[in-house]
Amino acid sequence: LARPLLLQDAMLRPVSRRQILGRVLRNLRVARLVARDWPAALAAIELLEILEPSETEHVRDRGLLLGRIGRFSDAVALLEAYLEVRPDAPDADDVRSAVHRFGDRRN
């Protein structure tokens, strides 16, 4: 059963084209990740990095996906760069594990 949705003013606030594009790219990224289409997910993240260059999570995500497609040296470099900027990130331990895992397979 659907529950009624209470509309709030914030839901009707106008958004910019940039915000719409970001939303579309994030949805595309998720859809490609669910489909395990790593190259397409990577392409969406690369576009998000252009659109939102200050979002360090895009660097992390790109590094993780590069590792998924076998570009281990590039993956390690990006993940280490992420950890330099965000050493206390909530996911820092997981990222460090990925650095070690990809580092062992570096090309």
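From a predicted model like this one, the values you see are computed outputs, not experimental measurements.

Each value, and the rule that gives it
- Residues numbered from 1 in each chain as written.
- Predicted model: local features only at pLDDT ≥ 70, side-chain atom pairs only at ≥ 80, totals over all residues.
- Heavy atoms only, no water.
- Axes fitted to C-alpha atoms, helices over the stretch in contact; angles between N-to-C directions.
- Helix = DSSP H or I, 4+ residues; strand = E, 2+ residues; numbered from the N terminus.
- Parallel < 35°, antiparallel > 145°, perpendicular 65-115°, else oblique.
- Left-handed = near helix turned anticlockwise from the far one by under 90°.
- Contact = heavy atoms within 4.5 Å.
- Nonpolar A, V, L, I, M, F, W, Y, C, P; charged D, E, K, R; others polar.
- Core = buried A, V, L, I, M, F, W, Y, C linked by side-chain atoms within 4.5 Å.
- Buried < 20%, exposed > 50% of the residue type's maximum accessible area, 1.4 Å probe, protein only.
- Patch = residues over 30% accessible without salt bridge, like charges linked within 9 Å, V, L, I, M, F, W, Y side chains within 5 Å.
- Areas by Shrake-Rupley, 256 points an atom, 1.4 Å probe, with all protein chains shown as cover.
- Salt bridge = Lys/Arg side-chain N within 4 Å of Asp/Glu carboxyl O.
- Phe/Tyr/Trp six-rings, centres within 6.5 Å; stacked < 30°, edge-to-face > 60°.
- Lys NZ or Arg CZ within 6 Å of the ring centre and 35° of its normal.

The next subject is the packing of helix α3 (residues 56-68) against helix α5 (residues 92-103). Across the interface, α3 lies against α5 with an axial gap of 11 Å and an inter-helix angle of 30 degrees. Here α5 runs roughly parallel to α3, going by the angle between their axes. The chirality of how α3 crosses α5 is left-handed. Facing Arg-60, Gly-63, Leu-64, Gly-67 and Arg-68 of α3, the residues of α5 in contact are Val-95, Ala-98 and Phe-102. A class-by-class count of the residues in the contact of α3 with α5 yields four nonpolar, two polar and two charged.

In terms of nonpolar packing, the biggest core is built from 19 residues, with Leu-65, Leu-79, Leu-83 and Phe-102 touching the most fellow members. Mapped onto this core, the elements with two or more residues apiece are α2 (38-51), α3, α4 (72-85) and α5. Top contributing element to this core by residue count: α4, with seven residues.

A few words now on the packing of α2 against α3. Between α2 and α3, the least distance of the axes is 9 Å, while the angle of their chain directions is 155 degrees. One finds that α2 runs roughly antiparallel with respect to α3. Helix-helix and strand crossings are classified by hand; for α2 and α3 the assignment is left-handed. Residues Trp-38, Ala-41, Leu-42, Ile-45, Glu-46, Leu-48 and Glu-49 of α2 touch α3, and the partners they reach there are His-58, Val-59, Asp-61, Arg-62, Leu-65, Leu-66 and Arg-68. For the contact of α2 with α3, the per-class residue count stands at eight nonpolar, one polar and five charged.

A cluster of nonpolar side chains, namely Leu-5, Leu-7, Met-11 and Leu-12, defines an oily patch on the protein surface of about 470 Å² accessible area. On the secondary structure map, Met-11 appears in the segment before α1 (17-34).

Counted according to the given criterion, the structure contains nine salt bridges. A salt bridge links Asp-61 to Arg-29; the nearest nitrogen and oxygen atoms lie 3.8 Å apart. Of the two residues, Asp-61 is situated in helix α3 and Arg-29 in helix α1; the sequence distance between them amounts to 32 residues. Assigned by exposure class, Asp-61 and Arg-29 land together as buried. Between Asp-37 and Arg-32 there is a salt bridge, and its shortest N-O distance comes to 3.2 Å. Looking at Asp-37, the relative accessible area reads 26%, which means it is partly exposed.

On inspection of all chains with the given rule, the structure shows one aromatic pair. Ring geometry for Phe-72 versus Phe-102: centroids 5.9 Å apart, planes at 35 degrees, classification tilted. Of this pair, Phe-72 sits in helix α4 while Phe-102 sits in helix α5; the two residues are 30 residues apart in sequence, bridging distant segments of the chain. We note Arg-101 situated over the ring of Phe-102; from NZ or CZ to the ring centre the distance is 5.5 Å.

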